[in-house]
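A closer look at the structure
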Amino acid sequence: PKTATIIENGNEKEISIAMVQANDILVIRPGERIPVDGVIVEGASSVDESMLTGESIPVDKTVEGRVTGGTVNGEGLLKFRATGVGKDTVLSRIIRMVQDAQGSKAPIQALADKVAAVFVPAVISIALITFFIWWGVTGEFVPSMIRMVAVLVIACPCALGLATPTAVMAGTGKGAENGILFKRSEALENAAKLDIIVMDKTGTLTLGKPVVVDVIPTQTSGLSPDGLLILAASLEKGSEHPIGKAIVRFAQEKGLALGDPMNFKAHSGLGVEADIEGGRFRFGKPKWFDQEFSMSDEAGKIILELQKKGRTVMALVKDRAVLGVVAVFDVLKPESRQAVKELHAENLKVVMLTGDNLETAKIIAAEVNADEVEAEVRPDEKSDRVKQLQKNNTLVGMVGDGINDAPALAQADIGFAIGTGTDVAIETGDVILSGGNLTGIPKAIKISRKTIATIRQNLFLAFVYNIILIPVAAGILAPFDLFPDFLRQLHPILAALAMAASSISVVTNSLRLYKADIS
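Conventions we followed
- Residues numbered from 1 in each chain as written.
- Predicted model: local features only at pLDDT ≥ 70, side-chain atom pairs only at ≥ 80, totals over all residues.
- Heavy atoms only, no water.
- Axes fitted to C-alpha atoms, helices over the stretch in contact; angles between N-to-C directions.
- Helix = DSSP H or I, 4+ residues; strand = E, 2+ residues; numbered from the N terminus.
- Parallel < 35°, antiparallel > 145°, perpendicular 65-115°, else oblique.
- Contact = heavy atoms within 4.5 Å.
- Nonpolar A, V, L, I, M, F, W, Y, C, P; charged D, E, K, R; others polar.
- Phe/Tyr/Trp six-rings, centres within 6.5 Å; stacked < 30°, edge-to-face > 60°.
- Buried < 20%, exposed > 50% of the residue type's maximum accessible area, 1.4 Å probe, protein only.
- Lys NZ or Arg CZ within 6 Å of the ring centre and 35° of its normal.
- Pairing = 2+ DSSP bridges.
- Expected span 1.5 Å × (residues − 1).
- Arc of directions from axis to C-beta.
- Salt bridge = Lys/Arg side-chain N within 4 Å of Asp/Glu carboxyl O.

1. Description of the packing of helix H12 (residues 336-345) against helix H17 (residues 440-474)
Two elements in contact, H12 and H17, have axes separated by 8 Å at closest approach and are oriented at 25 degrees. Relative to H17, the element H12 lies roughly parallel. For the pair H12 and H17, the contacting residues are Ala339, Glu342 and Leu343 in the first and Ile441, Pro442, Ile445 and Lys446 in the second. For the contact of H12 with H17, the class distribution of residues is 5 nonpolar, no polar and 2 charged.

2. Description of the packing of aromatic side chains
One pass over the structure, following the stated rule, counts 7 aromatic pairs. Judged by centre distance (6.4 Å) and plane angle (80 degrees), the rings of Phe480 and Phe483 are edge-to-face. For Phe483, a relative accessible area of 30% corresponds to the partly exposed category. By the ring-pair criterion, three or more aromatic residues cluster together here, those being Phe131, Phe132, Trp135 and Phe141. The ring of Trp134 is capped by Arg147, whose NZ or CZ atom sits 4.2 Å from the centre of that ring.

3. Overview of the sheet that holds strand E5 (residues 45-48)
Pairing within the open sheet is antiparallel, and its 3 strands lie in the order E6-E5-E8. Only two strands of the sheet have a single neighbouring strand rather than two, namely strand E6 (59-61) and strand E8 (72-73). As judged from the 2 bridges shared by E5 and E8, these two strands associate in the antiparallel manner. Within E8, the position partnered with Asp48 by the bridge is Val72.

4. A look at the sheet that holds strand E12 (residues 211-217)
One open sheet holds the 6 strands; their spatial order is E12-E17-E16-E15-E14-E13, and the pairing between them is antiparallel. If you trace the sheet from one side to the other, it starts and ends with E12 and strand E13 (262-267), each paired once. Across this sheet, the average inter-strand angle for adjacent strands is 15 degrees, counted without regard to direction. Pairing of strand E16 (residues 312-318) with strand E17 (residues 321-329), which is carried by 7 bridges, proceeds in the antiparallel orientation. Bridge pairing in E17 places Lys318 opposite Ala321. Here helix H9 (residues 242-253) sits on the sheet and contacts E12, strand E15 (279-284), E16 and E17; the angle it forms with E12, its principal contact strand, is near 75 degrees. Helix H11 (residues 297-308) rests against E12, E16 and E17 of the sheet, and its axis sits at about 10 degrees to E17.

5. Details of helix H19 (residues 492-511)
The end-to-end C-alpha distance of H19 is 29 Å, a good match for the 28 Å that 20 residues give at a rise of 1.5 Å each. Within the sequence span of H19, burial applies to Pro492, Ala495, Met499, Ser502, Ser503, Val506, Asn509 and Ser510. Buried residues of H19, seen end-on, are gathered within an arc of 125 degrees and therefore sit on one face of the element. Pointing more than 90 degrees away from the buried face of H19 are the exposed residues Ile493, Leu497 and Ile504.

6. Observations regarding the pattern of salt bridges
Taken as a whole, this structure holds 21 salt bridges when the rule is applied. As a salt-bridge pair, Glu42 and Lys79 come within 3.9 Å of each other at their nearest N and O atoms. Here Glu42, found in strand E4 (residues 37-42), pairs with Lys79, found in strand E9 (residues 78-84); they are 37 residues apart in sequence, far enough to count as distant. The closest approach of N and O atoms between Asp485 and Arg488, which form a salt bridge, is 3.3 Å. Taken together, the residues span about one helical turn, with Asp485 and Arg488 both in helix H18 (residues 485-488) at a distance of 3 residues. Accessibility expressed as a relative area gives 56% for Asp485, which makes it exposed.

7. Section: helix H14 (residues 379-389)
Of all the residues in H14, the buried ones are Pro379, Lys382, Ser383, Val386 and Leu389. Projected down its long axis, H14 shows its buried positions confined to an angular sector of 120 degrees, all on one face.

These figures come from the coordinates and say nothing about function on their own.
What follows is the structure, encoded as structure tokens:
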């Protein structure tokens, strides 16, 4: 945010974020983005810290809890004391890490440029040698000059100069057709050489928001799954918590008629309670009820099994009896498994790197068949992990969508940014998947590999053309009567025609990329 609300002499005052000082007391209302780092002095709420930790479920915060600039406040009003402002905030440190990583990337010099640096002086030397040899042998100035000009014309490095840019142009065009934007030609060339793909979890492999996945009533409750869902969603109608909203949305999508809660009361970090249809119900985290009574074996077993699967579990209770549980989970994107499968088919190792807890990370990694998983990794540690993977000249690609992924995207040899992600990630990435579809990653690598193959074919055509025709232009066939006169005495006009034909062959070969199969 550009402004912040501070408390000065007992009154609220809105000031520019640049004017916030350490130890100022700030006020954050529900839904607002927290401007600076600090420690809560009053209030309780849940805070969406997914941009930092990758954890899709908001974190409950109370007095003495730490908040970070850039994260989003949930349903409660918070007052906190600023501890990190300006360049001392976590977000500012992340941005500095991104800039440092980008500055350390070495530029890549194209092979064609290296060859041309040697090729041009060599051709000029060959042309001069040709002139002096024929002038010395025949004593005829004009025919010797014609041979020299023919050598210069036929060796004009047009095909060599077109070999790389035409293929890169066609490759980037093919990528754009498929929603893959290569920001730099180096990214198009280097994606072909990648050995490892590192993928973020929240918002990249998963949808990045809680979705209801289990509705399980206990046998003693007498409720159906829809009956349990109606009660839970009716209770959550008065809640602003993301999990509550997800449950209400799920019930509404199923077309269920919800009741109106009476005497609603929210318990921050625990759950909610209200009167529905003449009964007092509570709906919240199991730990809320553990303090008051022992759950039945059936309820305890259901909750434990769901928690082992990485689910966030909420229990519905009436008169100290658990009526059932509702579990939410950050589910996989529909294309995640297919994307990883295609990456394996391209002989790439897939590593999942996330700030989420280990149990949840293992479950997601197993579902997509990732080769390795590293969990509970903070943003500053992500770039370090990528750097470790880059040892022994291993080329690493990083896929991410959030601010927390930006340092790793910058550190990686190729950063793949999800187009539906944050501006910071998109700005940092080398390749943008504009539609956000993960199958764009294997497609980008296939385009890159086909482009590199085309560049090599073009260079081969250009070199073969020069190796064969430069000696012909220099007059190597002149002593042999079996060859026609136009080859024994190659005229500059024919040399120009051959040079144009070589350029056309290279361009035509590059245009074949538009019809390449990358499915």
